[in-house]
Amino acid sequence: MGLRSALSALALREVRLGWGAGGGAFLPAAFFAGAVAVAPFAVGPDPARLGAIGPGYLWLALALATLVSLERLFQADLEDGTADQLLLTGVPLPLAVAAKVAGQWVSVALPLLLVVPIAAILVRVEPGKTLLLAGQLAVGSLALFQIGAIGAALGAGIKRGGLLVSLVALPLYVPVLIFGAASAEALMRDGTVLSQPFLFVCALMLASVALAPVAAAAALKLHID
Amino acid sequence: MRHAARLQVDGLALARGQRLLARDLSFGLAPGEALELRGPNGTGKTTLLRALAGLHQPLAGRIRLDWPQRTDDDSNADRLMFLGHLDAIKPAEPARAQLSFWAALFGGDASRIPDVAGSLGIAGQLDLPGGVLSAGQRRRLALARLVLANRPLWLLDEPAAPLDTAGRAMLGALLDRHRAEGGMVIAAVHDTPPGAPMQRLEMDTWA
């Protein structure tokens, strides 16, 4: 059996289902846009103040938007028997989970990142820096998805477990948020993309890609009996 | 392809929650043999099937599939298929795409999809999304996945339940052909399963 073709089939299906009817992959992007659009109403339209908090606020909105998509990541598969079948395919579960999360990331994060340049203008980020900021958010979003998958796997067996998933995942998001907001600030201050905080975000992303699927797979197995 | 795997179960004990469902359960199956699990509701037929599939951890006992080239790295899961009450069908995805997805995952041959679907009478439904299929059509689609995967041991939980008369006949033909190719079948049933007669295992109540 071709492990590579099995993994790509898993990832591609995740994208297909996400973008298909009822897949809901665009909801986080809409949530992100909405969350950013209301920021000027909450903190006032003063450009200087918005510009000061804007980049950090985008990171916060990104973190909350990823949570929106997490609840269903594994729950649907557990409910309809797909998870049972996956275990019998011979594909190692951590790899299958990694492929699923990668597919989910493509289907959810891609539309979300397309919204970033517009959202950035709403919170007064300099137009010349929006694409660089979107790039940083892209790296951070992969880390957030991987980490969030652990919470999603833990809460997958619980009906309406979305809030629980958020409660589990949010504390784990903190390091990415700290370094993400700091890297956005460095980008705004003097235009450095590969600042030290952003290198930390990259490191967190790589570590989460390597470790989170193992943890998520172990958590998922708890629900299968 | 001829299958050559055989199954040996020794001293199996099963429990659900605090309830002992079976103990000292031992049986074996050789290529081409089939077993029907009988017993009232709640006697552990599904739990036994899930344990055989490796999806449920038995209290005690040993389940071993053996085939000629088996190495220590191989697991039972590589040689069996499980079809339970949950049919793993996604409502939004066309049937054909679901079958080719599972063919890729189980290492099956996706070019056989039209033939297999034809033999199960769902060739006309291949382009419909899973959500509009009836219960019987869903079961036929799940059976098509089973055939495509081409594995020796089939674990079936009430396979004929939602099927009509024609569907039962197709299932019978499917089971007979699988056994003729050296495959094994274990099915939890309440009525005599379609196809050639099977050995019978009565699940006792321990409650």
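Please refer to the structure higher up on the page.
Each value, and the rule that gives it
- By convention here, each chain's residues receive numbers from 1 onward along its written sequence.
- By the order in which they are written, chains take letters starting at A while ligands take numbers starting at 1.
- Given that the model is predicted, a residue must reach a pLDDT of at least 70 before its local features are reported, and side-chain atom pairs must reach 80 or more before they are shown or counted; all residues, however, enter totals for whole chains, interfaces and linings.
- To obtain the side-chain values, all non-hydrogen atoms of the structure were included, while hydrogens and water were left out.
- Whether two strands pair depends on DSSP finding at least two bridges between them.
- Counting from the N terminus, the helices are DSSP H or I runs at least four residues long and the strands are E runs at least two residues long.
- Orientation is described by lines fitted to C-alpha atoms, with helices fitted over the stretch in contact, and by angles between N-to-C directions that extend from 0 to 180 degrees.
- Only protein chains enter the accessibility calculation, which uses a 1.4 Å probe; a residue is then buried when its area is under 20% of its type maximum, exposed when over 50%, and partly exposed in between.
- In what follows, a contact means two residues having at least one pair of non-hydrogen atoms within 4.5 Å.
- Take the accessible area each of two parts loses on contact, using a 1.4 Å probe, and add the two losses: that sum is the buried area.
- The rule for a salt bridge is simple: a side-chain nitrogen of Lys or Arg has to be within 4 Å of a carboxyl oxygen of Asp or Glu.
- Think of it as three bins: nonpolar holds Ala, Val, Leu, Ile, Met, Phe, Trp, Tyr, Cys and Pro, charged holds Asp, Glu, Lys and Arg, and polar takes everything else, Gly as well.

A. Broad picture of the sheet that holds strand β7 (residues 184-188) of chain B. Residue and element names in this part refer to chain B. With parallel pairing, the five strands of this open sheet are ordered in space as β5-β6-β7-β3-β8. Every other strand in the sheet has two partners, leaving β5 (80-83) and β8 (199-202) as the edge strands with one partner each. The average angle at which neighbouring strand axes cross in this sheet is 15 degrees, direction not considered. Taken together, the four bridges between strand β3 (residues 34-38) and β7 define a ladder with parallel strand orientation.

B. Seen up close, the environment of Gly136 of chain B. All names here are of chain B. With respect to the helices and strands, the residue Gly136 is situated in helix α4 (residues 135-149). On the accessibility criterion, Gly136 (13% relative accessible area) is buried. C-alpha separation for the pair Gly136 and Ile186, spaced 50 residues apart in sequence, amounts to 20 Å. Once residues lying within four places of it in the same chain are set aside, the contact partners of Gly136 are Pro162 and Leu163.

C. The arrangement of the interface of chain B and chain A in detail. Listed as interface residues are 28 residues of chain B and, on the opposing side, 25 residues of chain A. It is Leu55, Lys90 and Leu105 of chain B in chain B that bury the most area against chain A; as a group they hold 29% of the surface buried on that side. In this assembly, chain B and chain A are joined by six salt bridges. One salt bridge connects Glu93 of chain B with Arg16 of chain A, and the closest N-O pair in it is separated by 2.4 Å. Of all the secondary-structure elements, those providing two or more residues to the side of chain B that touches chain A are α1 (45-53), β5 and α2 (95-106) of chain B. By residue class, the composition of the side of chain B that touches chain A is 16 nonpolar, four polar and eight charged.

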